[in-house]
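# Close look at the chain arrangement
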Amino acid sequence: LCLSPSCVSLQENPEPDRASIYHSVIINTSKEMMCYSDFPIPAHFPNFMHNTLIMDYYRMYADHFQLTKNIRFNVRMHCQLHTSLTCASDLFSRRFCLSVSQTHVLNIKKRSDFSRSGQWDVETENKDGRREKHIFDAVMICIGHHCQPNLPLHDFPGEKRLNSRFNHSLYNLKPKHRLFSQHPTVNDELPNRILSGTVQVKPNIRRFHGSNVEHSLTTFLCVFKVFATGYNFSFPFLASNVVPVSENQTSLYKYVFPPELDRPTLAIIGLVQPLGAIMPISEMQARWATRVFKGRKKHFNCLLFCCIKLPSSAAMQRDINSKQEAMAKRYVSSQRHTIQVDYINYMDEIADLVGVRPRISRLLLTDPRLGLNLLLGPCTPYQYRLRGPGKWAGARQAIFTQWDRVAQPMQTRPCNEPEPLRSLKWPLLLSAAVAGLTAYYYKNSLLVFLQDPAALLDMMKSWLPTH
């Protein structure tokens with residue numbers, strides 16, 4: 001298995017067509033929602049982590065599952081890969097390696113006997129320019145969809161996409177589509193910047209003239225230009241007929257498998273735009289893909305290893321068409337909305353195929369505490385390790401302690417609070433109940449009292465003992 005032809009760059013000056021981040025990036029998904037399902041992020045880590053802490057977590061994961069000894073850094077690939085880092089705890093073979101920085105995959109081609117063997121010819125180039133060819137039983141492509149910046153210099157004006165938490169009409173930014181017809185952006189910083197004048201909303205740009213920018217009203221000097229126009233994705237190392245892409249649209253079964261291949265030995269991992277964290281989704285895709293790969297191997301005991309077989313090509317295409325039609329109805333037409341998924345629905349969909357979706361209705365009867373946590377609590381990845389292949393004994397406890405891990409990074413200030421006074425909650429509730437019952441029992445007398453308090457007081461005096 002060949003993994004990650006082009007990976008995230010951690011260099012100061014990233015190479016073209018490699019996903020990269022800027023130094024101050026902080027993740028916008030919480031640690032409990034983005035962690036791998038069998039390895040919680042340390043409790044003392046902040047809930048929204050800086051990118052360096054995310055790398056620390058990935059290193060911890062690799063060390064915990066003893067993966068680093070099988071990863072070849074900065075060297076050419078020469079070992080057969082069988083699975084990916086994202087499903088390390090499901091390994092059925094430890095012979096695998098990882099293509100990382102300074103090793104490029106130049107092309108991936110079907111072998112001449114692909115219809116029988118399902119194998120791929122992979123050509124790589126190392127940092128010294130040396131090229132090598134390899135044969136792989138299966139291939140996972142894990143490059144994501146943030147490698148090729150979309151720079152529509154030929155296509156101004158462009159859309160502005162802002163959040164819906166302030167008055168768009170006031171700033172002349174009201175969109176022309178319905179709410180939730182595009183991927184939402186939640187950000188409190190932009191309205192504050194507009195109010196303080198550090199961000200000024202301008203009309204649509206017509207053209208650039210060197211350092212000058214021309215729009216419909218005037219021309220102004222612009223020292224730096226930052227394009228917030230998203231990315232394109234493609235697979236230039238594959239033959240165009242293997243995974244054809246047009247305007248960010250491609251046909252993949254469940255966004256993973258090309259439906260027309262004779263053998264299901266190619267999987268695309270992470271090519272989704274979720275309303276939620278992508279890391280657990282990529283892990284779930286990898287868990288599914290490895291079992292599909294196993295299903296085509298005759299020497300595997302599929303009952304033991306929980307192998308999976310894909311449906312027919314026609315059935316897969318029907319599923320693809322159905323998803324595309326639903327997306328077209330829900331979202332405004334845009335290259336941005338071609339791989340949208342809802343986190344919980346998609347995770348459950350793939351978990352059903354793997355056999356790891358939690359049975360909440362049964363748990364409500366057999367383990368009510370756990371069942372209620374799943375029904376009413378957050379959909380954290382641990383619940384997909386409660387049953388089925390890859391079951392993790394620590395999943396139940398991880399679910400019960402997830403709120404403790406959320407709270408711990410905020411408990412940084414020691415505070416010696418005074419002993420709480422004895423609670424008056426129950427005495428007050430009891431007194432209120434007694435008063436309510438008394439008022440109901442003597443409601444007729446209460447009406448008399450409200451009309452003539454003196455008469456009721458005289459009546460009450462008659463009940464008092466006389467001396």
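The shown structure was predicted, so the numbers you read here are calculated from the model rather than taken from an experiment. Residue numbers run consecutively from 1 along every chain, following the written order of its sequence. The predicted origin of the model limits local features to residues at a pLDDT of at least 70 and limits the giving and counting of side-chain atom pairs to 80 or more, whereas totals for whole chains, interfaces and linings rest on all residues. In computing side-chain values, all of the structure's heavy atoms are included and hydrogens and water are not.

## A few points about the overall build of the protein
Strands here are runs of E lasting at least two residues and helices are runs of H or I lasting at least four, both read from the DSSP assignment and numbered beginning at the N terminus. Each helix and strand in the protein was counted, giving 15 helices and 13 strands. For the protein, the proportion of its 467 residues judged to be buried stands at 40%. The contact criterion used is simple: two residues touch if any of their non-hydrogen atoms lie within 4.5 Å. Taking the intrachain contacts of the protein between residues at least 6 apart in sequence as the baseline, contacts between residues at least 24 apart amount to 63%. As displayed, the protein has an accessible area near 28000 Å², and 55% of this comes from carbon and sulfur atoms. Whether a residue is buried, partly exposed or exposed follows from its accessible area with a 1.4 Å probe, protein chains only, as a fraction of its type maximum: under 20%, in between, or over 50%, in that order. To measure how exposed things are, a 1.4 Å probe is used in the Shrake-Rupley method; for residues, cover is taken only from the protein chains shown.

## With respect to the packing of aromatic side chains
The aromatic pairing rule takes the rings of Phe, Tyr and Trp, using the six-membered ring of Trp, and pairs them if the centres are within 6.5 Å, calling planes under 30 degrees apart stacked, those over 60 edge-to-face and the rest tilted. One pass over the structure, following the stated rule, counts 15 aromatic pairs. The structure contains a cluster of three or more aromatic residues connected by ring pairs, namely Tyr36, Phe39, Tyr57, Tyr58, Tyr61 and Phe65. For arginine 369, the ring lying beneath its charged end belongs to phenylalanine 400, and the centroid distance is 3.8 Å. A ring is scored as having a charge over it whenever the NZ atom of a lysine or the CZ atom of an arginine sits within 6 Å of its centre and within 35 degrees of its normal.

## Description of the environment of methionine 49
Inspection of the secondary structure puts methionine 49 in the loop between α1 (31–34) and α2 (51–64). Here methionine 49 falls in the buried class, since its relative accessible area comes to 0%. Methionine 49 has contacts with Ile26, Ile27, Lys31, Met34, Ile41 and Ile54, leaving out every residue within four places of it along the chain.

## Here's the deal with the sheet that holds strand β4 (residues 131–136)
Spatial strand order, β2-β3-β4: three strands in an open sheet with antiparallel pairing. Edge positions in the open sheet fall to β2 (104–110) and β4, since each of these has one partner strand only. Going from strand to strand, the sheet's axes swing by 20° on average, the running direction of each strand aside. In terms of strand pairing, strand β3 (residues 120–125) meets β4 through six bridges, oriented antiparallel. Considered in β4, the bridge of aspartate 121 is made with isoleucine 135. DSSP calls a pair of strands paired once it identifies at least 2 bridges connecting them. An axis is simply a line fitted to the C-alpha atoms; with a helix, the fit covers only the stretch in contact. Between two such axes, the angle follows the N-to-C directions and lies from 0 to 180 degrees.

## Notes on the nonpolar core
For our purposes a nonpolar core is just a set of buried Ala, Val, Leu, Ile, Met, Phe, Trp, Tyr and Cys residues, chained together by side-chain atoms within 4.5 Å. The biggest cluster of nonpolar side chains holds 54 residues, and the ones touching the most others in it are Trp120, Ile141, Phe235, Leu238, Phe257, Leu266 and Trp288. It is helix α5 (residues 279–295) that contributes the most residues to this core, seven residues altogether. Excluding anything up to four places from it in sequence, phenylalanine 235 contacts Ile141, Ile143, Val243, Val245, Ile268 and Leu271. In terms of nonpolar packing, the next biggest core, distinct from the first, is built from 26 residues, Met34, Cys35, Leu363 and Leu370 among them.

## Side note on helix α8 (residues 343–354)
Spacing of three or four residues puts side chains on the same side of an α-helix, whose turn is 3.6 residues. With 12 residues, α8 should reach 16 Å at 1.5 Å per residue; the first-to-last C-alpha distance of 16 Å fits that figure. For α8, the complete set of buried residues consists of Tyr343, Tyr346, Met347, Asp348, Ile350, Ala351 and Val354. Buried residues belonging to α8 abut α1, β12 (273–275), α5 and β13 (340–342). In this scheme, a helix's expected span is set at 1.5 Å multiplied by one less than its residue total.

## Comments concerning the pairing of β3
One ladder, built from six bridges, connects β2 with β3; its direction is antiparallel. In the sheet register, lysine 109 faces β3, and the bridge partner there is aspartate 121. The turn linking β3 back onto β4 is made up of five residues, and glycine 129 within it adopts a positive phi angle of 85°.

## Describing the pattern of salt bridges
Opposite charge on two side chains lets them pair, provided their charged atoms get close. In the sections that follow, a salt bridge refers to a side-chain nitrogen of Lys or Arg positioned within 4 Å of a carboxyl oxygen of Asp or Glu. The full count for this structure, using the stated rule, is 18 salt bridges. The closest approach of N and O atoms between arginine 193 and glutamate 189, which form a salt bridge, is 2.8 Å. Of this pair, arginine 193 and glutamate 189 both sit in helix α4 (residues 189–196), four residues apart, roughly one helical turn. A single salt-bridge network, built from bridges that share partners, covers Lys254, Asp319, Lys323 and Glu349.

## Remarks on helix α10 (residues 368–376)
Where α10 is concerned, the buried positions are Leu370, Gly371 and Leu374. Projected onto a plane normal to the axis of α10, the buried residues spread over an arc of 100° and lie on a single side. Exposed positions of α10 whose direction lies more than 90 degrees from the buried face are Arg369 and Leu376. Where α10 is buried, its residues touch α9 (360–366) and α11 (395–400). Relevant arc is that of directions from the helix axis to the C-beta atoms, nothing else.

## Considering the sheet that holds strand β8 (residues 212–215)
Spatially, β7-β8-β9 is the arrangement adopted by the three strands of the open sheet, whose pairing is antiparallel. At either end of the open sheet lies a strand with only one pairing partner, and these are β7 (205–209) and β9 (219–221). Neighbour-to-neighbour, the strand axes of this sheet turn through a mean angle of 25°, independent of strand direction. As judged from the four bridges shared by β7 and β8, these two strands associate in the antiparallel manner. Within β8, the residue paired with arginine 207 across the bridge is glutamate 214.

## Points about the side chain of lysine 323
The topology assignment puts lysine 323 in helix α7 (residues 313–330). Among the polar contacts listed, one links the side chain of lysine 323 to the side chain of glutamate 349, at a separation of 2.7 Å. In this structure, lysine 323 is in contact with Lys254, Tyr255 and Glu349, ignoring residues within four places of it in sequence. Distance and chemistry together define a polar contact, namely a pair of N or O atoms within 3.5 Å, with one atom able to donate a hydrogen and the other to accept it when in protein, and with adjacent residues in sequence counting only for side-chain atoms on both sides.

## Focus: the environment of lysine 31
Structurally, lysine 31 can be placed in helix α1. Note: C-alpha distance between lysine 31 and proline 42 (11 residues apart in sequence) is 9.0 Å. The contacts of lysine 31, once residues within four sequence positions are left out, are Ile41, Pro42, Ala43, His44, Phe45, Pro46, Asn47, Met49, Arg405 and Pro409.

## Section: the confidence of the model for the protein
Model confidence for the protein is summarised by a mean pLDDT of 78, while 72% of its residues fall at 70 or above. The least confident element of the protein is strand β1 (residues 2–3), whose mean pLDDT is 40; the most confident is α11, at 97. Looking at any residue, its pLDDT shows the predictor's confidence there, from 0 to 100. Scored below 50 in pLDDT, residues 1–10 shows 51 contacts in the model against residues more than four places distant or in partner chains. Predicted confidence for residues 157–165 stays below pLDDT 50, and this span has 22 contacts to residues more than four positions away or in other chains.

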